[in-house]
Amino acid sequence: MGRRLNLLLTTFIGLVLIIFIQSCECPLQEANVYSNCQVREATITKFNPNGSLQQIQNPDGTSSLVFVPDPLYSIHTFLFPFDQSMSGTLVNDERFSKSSTITIVKIPFSDLRPYFLAILDNFPQNNDINGDILLYNVANDFSYAEIRVFGEITRVNRNFNSENSTEFCKLVNDLTRDTAEIRNLKRSLSKFGQNLPNSIILNYNQANLVVLDTGNNVVTGITPLQKDIDYVLNLTSNKSVNLVVRVGDVYLYRAKNGKYFIFAVTDIRQGTLSPNKRRLTIMFSEIN
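The model shown is predicted, which means the values in this text are computed figures rather than measured ones.

### Some words on the overall build of the protein
- Along the protein, the regular secondary structure elements total four helices and 18 strands.
- Relative to its 288 residues, the protein shows a buried fraction of 38%.
- Pairs at least 24 apart in sequence give 65% of the contacts found in the protein among residues at least 6 apart.
- Only carbon and sulfur atoms are counted for the fraction: they give 52% of the accessible area of the protein, which is about 16400 Å².

Written out as structure tokens, the structure is:
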């Protein structure tokens, strides 16, 4: 009798386990779950380092000169993530925390006069961006934007006019399954995107040059040597490259961290609240 009871109990427990396993929607072995696509999103604000120096009165009666940012002030760029547990980082360029301009290049006069030849700008050149993507400009009608990238980039010959994460993963997975297409895309990567048809190369000219004294003050009436002028302009040549991008564009990008990403431009818009800062949104996934 005891043996029969044990057999019935064992059978009952087995049936309960089978029903539980069949009704459970969770995977029993997480290692078996795999997806090529890990969809992420990022929104980048138009870069605007403008502000003004203002004199303020301190509590002790002394005065200080402080940098007061404009309403549209924004100094972040987007940095792609190092691993798939992150969605990337909006990193601030602290060089613009106290000034609207940075020094792009500065060299001493070759004839040993106590001056420097320099270029100052409101935007860093591509190779000096502290992230991967800087939003340089947004059209007034929001039909396009201009970005600067730190790494190598190429346009994918497909459009993605959606914000659907499932559809974006299908695009990424289709691309990654076609190893020949990915190889060709990687071969066509262009530094800063300068070889792409939608690139705009903004080279400096002699009008952009300033002369600084040893106290970093801009001085006039000093003529630098032509060889110094040529050296500075050559040093900065082809390093300020903007890409005109539109909603639906898809790109392959090799980031500052060496990883490859597929990203699509999914939105170009302005903010809801005043002063209505302009923004660009991308959807992206790391690939091998």
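Next comes the rest of the account.
### Observations concerning the side chain of Asn173
- Relative to the helices and strands, Asn173 is located in helix α2 (residues 165-177).
- Exposure remark for Asn173: the relative accessible area of 15% places this residue in the buried category.
- Not counting residues within four places of it along the chain, the set of residues in contact with Asn173 comprises Asn36 and Cys37.

### So, the pairing of strand β17 (residues 260-270)
- Where strand β16 (residues 249-254) meets β17, five bridges bridge the pair, whose relative direction is antiparallel. Note on β17: the bridge partner recorded for Val250 is Ala264.
- In this sheet, strand β18 (residues 278-287) lies alongside β17 in antiparallel orientation, the contact comprising 10 bridges. Note that in β18 the partner of Gln270 across the bridge is Arg278.

### A closer look at the sheet that holds strand β6 (residues 102-108)
- What the four strands build is an open sheet, ordered β6-β7-β13-β14; its pairing is antiparallel. Of all strands in the sheet, those with a lone pairing partner are β6 and β14 (218-219), marking the two edges.
- On the sheet, helix α4 (residues 226-235) packs against β6, β7 (116-121) and β13 (209-212) and is oriented at approximately 145 degrees with respect to β6.

### Considerations on the pattern of salt bridges
- All told, the structure shown has 10 salt bridges when counted by the stated rule.
- Note that Arg158 and Glu181 form a salt bridge whose closest N and O atoms lie 2.9 Å from each other. Note that Arg158 is positioned in strand β10 (residues 152-159) and Glu181 in helix α3 (residues 179-187), a separation of 23 residues in sequence.
- Given a relative accessible area of 26%, Arg158 falls into the partly exposed group.
- The partner of Asp174 in a salt bridge is Arg177, with the nearest N and O atoms 2.7 Å apart.

What counts and what doesn't
- Residues numbered from 1 in each chain as written.
- Predicted model: local features only at pLDDT ≥ 70, side-chain atom pairs only at ≥ 80, totals over all residues.
- Heavy atoms only, no water.
- Helix = DSSP H or I, 4+ residues; strand = E, 2+ residues; numbered from the N terminus.
- Buried < 20%, exposed > 50% of the residue type's maximum accessible area, 1.4 Å probe, protein only.
- Contact = heavy atoms within 4.5 Å.
- Areas by Shrake-Rupley, 256 points an atom, 1.4 Å probe, with all protein chains shown as cover.
- Pairing = 2+ DSSP bridges.
- Axes fitted to C-alpha atoms, helices over the stretch in contact; angles between N-to-C directions.
- Salt bridge = Lys/Arg side-chain N within 4 Å of Asp/Glu carboxyl O.

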